[in-house]
Amino acid sequence: MLTLQSYLSLAAIIFSIGIIGIVINRKNIIIVMMCTELLLISVNFNFIAFSYFNQDIAGQIFVFFILTVAAAEAAIGLAILVALYRNKKSIDVQELRTLRN
Amino acid sequence: MLFNLSLIALIMPLIAGILAGFFGKTLGKIFTNGVTILGVLISFIISIFILISILENPELVFNQDVYTWLSIGSYKLSIGLLVDNLTVSMMIVVNFVSLMVHIYTIGYMHKDPGYHRFFCYISLFTFAMLSLVMSNNFLQLFFGWEAVGVMSYLLIGFWYTKESAIKANFKAFIINRIGDMFLILGIALLFSIFGTLDYEYIFNNAESITSNTVVLSSSFEISSLTLACLLLFGGAMGKSAQMPLHVWLPDSMEGPTPISALIHAATMVTAGVFMLARMSPLFELSTSALSFVLIIGSITAISTGLLGLVQYDIKRVIAYSTLSQLGYMVVAAGVSAYSASLFHLMTHAFFKALLFLAAGSVIVALHHEQDIRKMGGLRSKLPITYITSLIGSLALIGFPGFSGFFSKDALIEAVSHSSVYASEFAYYCVLIGVLITSLYTFRLFFLVFHGQLKDENINVKEPQLSILIPLILLAIPSMLIGWPTIGPLVFNDFFANSIIQPSSNDIFGYEFTDSYHFLTHSLSGPVVYIAIFGIFVSYILYILKTDIPEKLATTFNPFYKLLINKYYFDYLYENVFARLFNNLGNSLWSKGDIKIIDNFIVNGTAYRVGRFSSRVRELQSGYIYHYALMMVLGLALFLAWVVFKSSGLVL
Amino acid sequence: MIKEIIFYTFSSVLICSSLAVILFRNPVYSAVSLILSFITSGFLWLLLQAEFLAIVLILVYVGAVMVLFLFVIMMLNINNERDKSSFNSLAPFALFIGLIIAAELITLIWINSSQFNINSLSIQEPEQVSNTLALGKELFTNYILSFEIAGFILLLAIIISISLTLRTRKNVKTQIASEQISVDPSTRIKLVDLKERE
């Protein structure tokens, strides 16, 4: 019996995986961006599930916009990354400490 | 009109004192003398005028506010004057003795560098005492109370370079303070019951609260009137030096002799007795308080008298005599004979001041020698002093015809007829006290003025006139004032509109007709004979067979030691209480103040903030994922809270 | 029944590929795992009768965004074959926090389940229109403003990306219009008064 809770739980799991990914990564910044995409996907999932179970199309509209904004944000984030790489010649997370103290 | 006059009488000594204090040094001795004596003289003349006006027209007594000092909501505290017979008699006593002391000081403090300061202080003291007796509410009473305490402190420590004087004035002030604590509690209790501090209101409504009780614990209730009276008497115990708060008075002899006469014989120490009389409407409603007063008074009367027998300083003997006589006054109040108590207060003021001033005259003549073992045979050298001292001593022991006789006898009569609890004990105490009084008085007298003239005293001569005149002026009332005043004051209703006491028949058991009749009546009682017997005994001990006292001292050595050490009261206070509080203060200072407040709280806070902030600073690591983790942590906590809230669990 | 099987299969794939995103060392592998999770979630959306959005997800996200990701990864030439540990010191703690968050979220979902008014699964849209049509109807009438703003956001993204990464070559003669306009005439022209020759 597929209930709403199962979809929501799935979304919750993806969300927490995304959060864990942001916090524990040490490799490079790209992983952070990818985990952001995971977060956004889980939110979209939530919306679609609710829209289906409440028979309201507004959820899907919202997903539409989230998709748009997520694409824009990914583009800009990558542009920032490229600029950063050009300046520091490295995208190692450990070296990005200029905010220290 | 009387109101304005009383106000002037009150303010004059204050203005005189301030002028002398500020300008005395620059304007010279004549100015200081003149302005202060003028101030007190004006006050004295006004007091006499008020007395005459009131005697002629009893309607003139008044109770009027001068101005409202403070008004909070429905509570009004004001400064006011209550001038009735009691007030005016106290005013006359205070002003007269103060005037005598002012004149005396011209000669006594002639060479002292603090001359002007002294006059300023005694004028201010007169003002404080007057404000105490003229007050019409408890607040002003308290102000006067504290003010006389402060002036006493300043005057006892007048020679502030002497260490013993400093110790003595601290002792006086602190012990006074202990008494004042009780007084404050009593006033607060009355205020909380009545909502006002006005005498008139409280006295009129006192009867309505006789059933009011103060619950001290679940099993112990005490009538609030009794408690208030006991607390007020506690204040009187401090000020009037009853046992156990009597220890300051002998040490207060460190001050100059004039103030011993003024403050510690005639006025300040009698403030307590005055207060008892003024509060008679309250005390009459509580027999247990009266019994307590009686017991304390009688213990004081007899035990301090015994102490006077073994002293060698001329002023200390008289000081202990004062203590003993104060005990008498308090005993009289305890048997509800307030008028007798006040009468004794008045006569005592005269003859005790006289004795003190005479002692001062001896001291000055002998160039400030105070040990009576170095005196003797001075009657040929100091004749006027000798005669006035004789008059004073006879008055003190109650020799028939002198003023002290009338007051003491009336007092003892009242005690013998009373039926208050412990009145029998009091009667025996006062009776034995009469014997002891005459013993120490004439011991002093004989040792100073009779016996062998010592070689170093060959050249003494009478001091100057400004010292002798007050002696003479004080000797006159000591001799004569008993005759005319005993009738109206004690037996009839001179004080009727001021104090409440049972009718004279109930108290004295004796129908008064006139003074001569009183004299013969008391010749049928034991008191006079005991007093005269005492004269003979001391004559034998100190003139004829002068070795007996030492033999008695060695035979009863433990008892003698007890007396020499003043019943170890001073020892107790100094070593137990004072040390306790000293240690407490010290440990509070070193541990509390330094360790806790300075180190832990003040310095420690700064130190801990520094440590904490350096650790917190590590949170700003620069790693973004650290920051992200913090955000996530916050999210986790928030979700936890939501979970708990929605599941109904209460954290 | 079929639905459950499909759901559980696809959801397990989704979860595994998400985990793979964060656990692979090679960033290219992580990107590819992300692509897999997108596709899977697209299938799951199909289960929920959101066909349009599923296809759009795959077209836009996978086709454009992930390709962009791969471009950048390969352009930056990230070399991650070192044998240092890829997890930082906070890993256990963060893992713990993440698990707690997941647990809390799931708890919240199951606690509040009574508040979801869940219609039965078999009720279809009353108008029997396709998903695209329903979406279009709603979008262009009620949400037209948001639609325009979304377009504007995309424009913004283009401008920002270009301005962040544009590199100009030096010594190239280009026209800078703003400087051309703001020139002060007195620095370019000097009026000389020529006296008449005799």
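Residues numbered from 1 in each chain as written. Chains lettered and ligands numbered in written order. Predicted model: local features only at pLDDT ≥ 70, side-chain atom pairs only at ≥ 80, totals over all residues. Heavy atoms only, no water.

1. Side note on the overall build of chain C
Rules: Working definition: helices are DSSP H or I runs of at least four residues, strands are E runs of at least two. Numbering for both runs from the N terminus. Partly exposed describes any residue whose relative accessible area lies between the buried limit of under 20% and the exposed limit of over 50%, with all areas from a 1.4 Å probe on protein chains only and scaled to the type maximum. Here a residue-residue contact requires only that any non-hydrogen atoms of the pair lie within 4.5 Å. With residues, only the protein chains shown are counted as cover, and all accessible areas are computed by Shrake-Rupley using a 1.4 Å probe.
A count of helices and strands for chain C gives 8 helices and 0 strands. Secondary structure elements of chain C, listed N to C terminal, follow the sequence α-α-α-α-α-α-α-α. By the burial criterion, 30% of the 198 residues in chain C qualify as buried. Counted over contacts in chain C with a minimum sequence separation of 6, partners at least 24 positions apart contribute 59%. Counting only carbon and sulfur atoms, one obtains 65% of the accessible surface of chain C, whose full area is about 13,700 Å².

2. Comments concerning the overall build of chain B
Helix and strand counts for chain B come out as 26 helices and 4 strands. Taken across its 651 residues, chain B has 57% of its residues classed as buried. Within chain B, residue pairs in contact and separated by at least 24 positions form 78% of the contacts whose partners lie at least 6 positions apart. Accessible area for chain B stands at about 27,400 Å²; split by element, carbon and sulfur atoms hold 67% of it.

3. A short note on the packing of helix 3 (residues 115-133) of chain B against helix 10 (residues 271-278) of chain B
Residues and elements named next belong to chain B. The cut-off we apply is this: Axis angles are defined between N-to-C directions and span 0 to 180 degrees, where every axis is a line fitted to C-alpha atoms and, for a helix, only to the segment in contact. Convention used here: angles under 35 degrees read as roughly parallel, angles over 145 as roughly antiparallel, angles from 65 to 115 as roughly perpendicular, and any remaining angle as oblique. Working rule for handedness: look at the near helix, and if it is turned counterclockwise from the far one by less than a right angle, call the crossing left-handed; if clockwise, right-handed. Each residue gets one label: Ala, Val, Leu, Ile, Met, Phe, Trp, Tyr, Cys and Pro are nonpolar, Asp, Glu, Lys and Arg are charged, and the others, such as Gly, are polar.
Packing of helix 3 against helix 10 brings their axes to within 11 Å, and their N-to-C directions diverge by 15°. Between helix 3 and helix 10, the angle falls in the class roughly parallel. Helix 10 is crossed by helix 3, and the crossing has right-handed handedness. Contact with helix 3, carried on its side by Met129, Leu132 and Val133, involves Ala271, Phe274 and Arg278 of helix 10 and no other residues of that element. Its residues assigned to classes, the contact of helix 3 with helix 10 shows 5 nonpolar, no polar and 1 charged.

4. Looking at the side chain of threonine 437 of chain B
Residue and element names in this part refer to chain B. Tracing the backbone through its elements, the reader meets threonine 437 in helix 17 (residues 423-449). By relative accessible area, threonine 437 is classed as buried at 0%. Not counting the four nearest positions on each side in its chain, threonine 437 is found in contact with Gln325, Tyr328, Leu396, Ile397 and Lys408.

5. Digging into the packing of helix 7 (residues 224-239) of chain B against helix 10 of chain B
Two quantities define a packed helix pair, namely the angle between the helix axes and the distance between the axes. All names here are of chain B. Where helix 7 meets helix 10, the axes come as close as 8 Å, and the angle between the chain directions of the two elements is 155°. What the angle tells us is that helix 7 and helix 10 run roughly antiparallel. Across the interface between the two elements, Leu232, Phe233, Ala236 and Lys239 of helix 7 pack against Ala271, Gly272, Met275 and Leu276 of helix 10. In the contact of helix 7 with helix 10, the residues fall into 6 nonpolar, 1 polar and 1 charged.

6. Details of a nonpolar patch on the surface
All names here are of chain B. This is how the line gets drawn: To count toward a patch, a residue needs a relative accessible area over 30% and no salt bridge; like charges are then connected within 9 Å, while nonpolar side chains (Val, Leu, Ile, Met, Phe, Trp, Tyr) are connected within 5 Å. The term salt bridge refers to a side-chain nitrogen of Lys or Arg lying within 4 Å of a carboxyl oxygen of Asp or Glu.
A contiguous nonpolar patch, built from Ile384, Leu465, Ile469, Ile472, Leu473, Ile476, Met479 and Leu480 and spanning about 640 Å² of accessible area, is present on the exposed surface. The element contributing the most residues to the nonpolar patch is helix 18 (residues 465-480), with 7 residues. Structurally, methionine 479 is set in helix 18.

7. Comments concerning the interface of chain A and chain C
Basically, it comes down to this: A simple way to read buried area is as the amount of 1.4 Å-probe accessible surface that goes missing from two parts once joined, with both sides added. Contacts described as polar in this section are N or O atom pairs within 3.5 Å, which, within protein, must combine one atom able to donate a hydrogen with one able to accept it, while residues neighboring in sequence count only if both atoms come from side chains.
Between chain A and chain C, the contact holds 68 residues from the first and 82 residues from the second. Across the interface of chain A and chain C, roughly 7,100 Å² is buried in total on both sides, 78% from carbon and sulfur atoms. Across the chain A-chain C interface, the total number found is 0 salt bridges. Scanning the region where chain A abuts chain C turns up 2 residue pairs in polar contact (both at pLDDT 80 or more). Mapped by element, the contributors of at least two residues to the side of chain A that touches chain C are helix 1 (4-24), helix 2 (29-54) and helix 3 (58-88) of chain A. No other element matches helix 3 of chain A, which puts 23 residues into the side of chain A that touches chain C. Residue composition of the side of chain A that touches chain C, by class: 51 nonpolar, 12 polar and 5 charged.

8. Section: the pairing of strand 2 (residues 75-83) of chain B
Rules: The pairing criterion for strands is at least two bridges between them, as found by DSSP.
As paired elements, strand 1 (residues 62-72) of chain B and strand 2 of chain B share 9 bridges and run antiparallel to each other. Looking at strand 2 of chain B, one finds that glutamine 64 of chain B is bridged to leucine 81 of chain B.

9. Some points on unusual backbone geometry
A positive phi is found at serine 336 of chain B, a non-glycine position, where the angle reads about 70°. Examined against the element boundaries, serine 336 of chain B turns out to sit in the loop between helix 13 (314-334) and helix 14 (338-365).

10. A few points about the interface of chain C and chain B
Residue-level contacts link 12 residues of chain C with 13 residues of chain B. Here chain C packs against chain B, burying approximately 1,100 Å² in sum over the two surfaces, 84% of which is carbon and sulfur. Where chain C meets chain B, there are 0 salt bridges. Along the contact surface separating chain C from chain B lie 1 residue pair in polar contact (both at pLDDT 80 or more).

11. Remarks on the packing of aromatic side chains
Selection rule: In summary, the pairing rule links any two rings of Phe, Tyr or Trp, Trp by its six-membered ring, whose centres are within 6.5 Å, and it sorts them by plane angle into stacked for under 30 degrees, edge-to-face for over 60 and tilted for everything else. Put simply, a charge is over a ring when the Lys NZ or the Arg CZ is close to the ring centre, within 6 Å, and near the line of the ring normal, within 35 degrees.
On inspection of all chains with the given rule, the structure shows 31 aromatic pairs over all chains. For the pair phenylalanine 64 of chain A and phenylalanine 65 of chain A, a centre-to-centre distance of 5.8 Å together with 85° between the ring planes defines the contact as edge-to-face. There is no split in this pair, since phenylalanine 64 of chain A and phenylalanine 65 of chain A are both buried. Judged by centre distance (5.2 Å) and plane angle (50°), the rings of phenylalanine 10 of chain C and phenylalanine 43 of chain C are tilted. Highlighted residues: phenylalanine 10 of chain C in helix 1 (residues 2-23) and phenylalanine 43 of chain C in helix 2 (residues 27-47), separated in sequence by 33 residues. Classification of phenylalanine 10 of chain C as partly exposed rests on a relative accessible area of 27%. Judged by relative accessible area, phenylalanine 43 of chain C falls into the partly exposed class, the value being 35%. An aromatic cluster is present here, built from Tyr7, Phe45, Tyr52 and Phe53 of chain A together with Phe7 and Tyr8 of chain C joined pairwise through their rings. The ring of tyrosine 328 of chain B is capped by lysine 408 of chain B, whose NZ or CZ atom sits 5.2 Å from the centre of that ring.

12. Considerations on helix 10 of chain B
Each turn of an α-helix holds 3.6 residues, which means side chains three or four residues apart point in the same direction. A large share of helix 10 of chain B lies buried, amounting to 8 of its 8 residues. For helix 10 of chain B, the full list of buried residues reads Ala271, Gly272, Val273, Phe274, Met275, Leu276, Ala277 and Arg278 of chain B.

13. Looking at the confidence of the model for chain C
To be explicit about the condition: pLDDT expresses, on a scale from 0 to 100, how confident the predictor is about each individual residue.
With 85% of its residues at a pLDDT of at least 70, chain C reaches an overall mean of 82. A low-confidence stretch, residues 121-125 of chain C stays under pLDDT 50, and its non-local contacts, those more than four residues away or across chains, total 8 contacts.

14. Digging into helix 1 of chain A
Applicable threshold: Under the convention used throughout, the expected extent of a helix is 1.5 Å for every residue step, that is, one less than its residue count.
Compared with the 30 Å implied by 1.5 Å per residue over 21 residues, the 30 Å span of helix 1 of chain A between its first and last C-alpha is a close match. A large share of helix 1 of chain A lies buried, amounting to 19 of its 21 residues.

15. Thoughts on the pattern of salt bridges
Charged atoms that come close allow side chains of opposite charge to pair. Residue and element names in this part refer to chain B. Applying the stated criterion to the full structure yields 8 salt bridges over all chains. Between glutamate 254 and lysine 162 there is a salt bridge; the shortest N-O distance is 3.5 Å. Here glutamate 254 is found in the loop between helix 8 (248-251) and helix 9 (257-266), whereas its partner lysine 162 is found in the loop between helix 4 (138-156) and helix 5 (163-194), with 92 residues between them in sequence. Among the residues examined, glutamate 254 registers a relative accessible area of 15% and is labelled buried.

16. Focus: the nonpolar core
Residues and elements named next belong to chain B. Note the threshold: Nonpolar core, defined: a set of buried Ala, Val, Leu, Ile, Met, Phe, Trp, Tyr and Cys residues in which side-chain atoms within 4.5 Å join the residues together.
Grouped together as the largest cluster of nonpolar side chains are 176 residues, with contacts concentrated most on Phe138, Met279, Leu282 and Phe283. When residues in this core are grouped by element, the largest group, 19 residues, is from helix 14. If near-sequence neighbours (up to four positions away) are discounted, phenylalanine 283 is found in contact with Cys229, Phe233, Leu276, Ala289, Leu290, Val293 and Tyr338.

17. Observations concerning the environment of leucine 141 of chain B
Residues and elements named next belong to chain B. Mapped onto the elements, leucine 141 comes out in helix 4. Considered as a pair, leucine 141 and alanine 271 are 130 residues apart in the sequence and their alpha carbons are 9.8 Å apart. With near-sequence residues (within four places) excluded, leucine 141 lies in contact with Leu132, Ser135, Tyr199, Met275 and Met279.

18. Some points on the environment of serine 43 of chain B
Looking at where serine 43 of chain B falls in the secondary structure, it is placed in helix 1 (residues 2-56). Residues serine 43 of chain B and proline 13 of chain B, 30 residues apart in the sequence, show an inter-C-alpha distance of 7.4 Å.

19. Description of the environment of alanine 11 of chain A
Residue and element names in this part refer to chain A. Position of alanine 11 among the secondary structure elements: in helix 1. Since its relative accessible area comes to 2%, alanine 11 is described here as buried. Sequence spacing of alanine 11 and isoleucine 41 is 30 residues, and the spatial spacing of their C-alpha atoms is 8.2 Å. Alanine 11 has contacts with Ser42, Phe45 and Asn46, leaving out every residue within four places of it along the chain.

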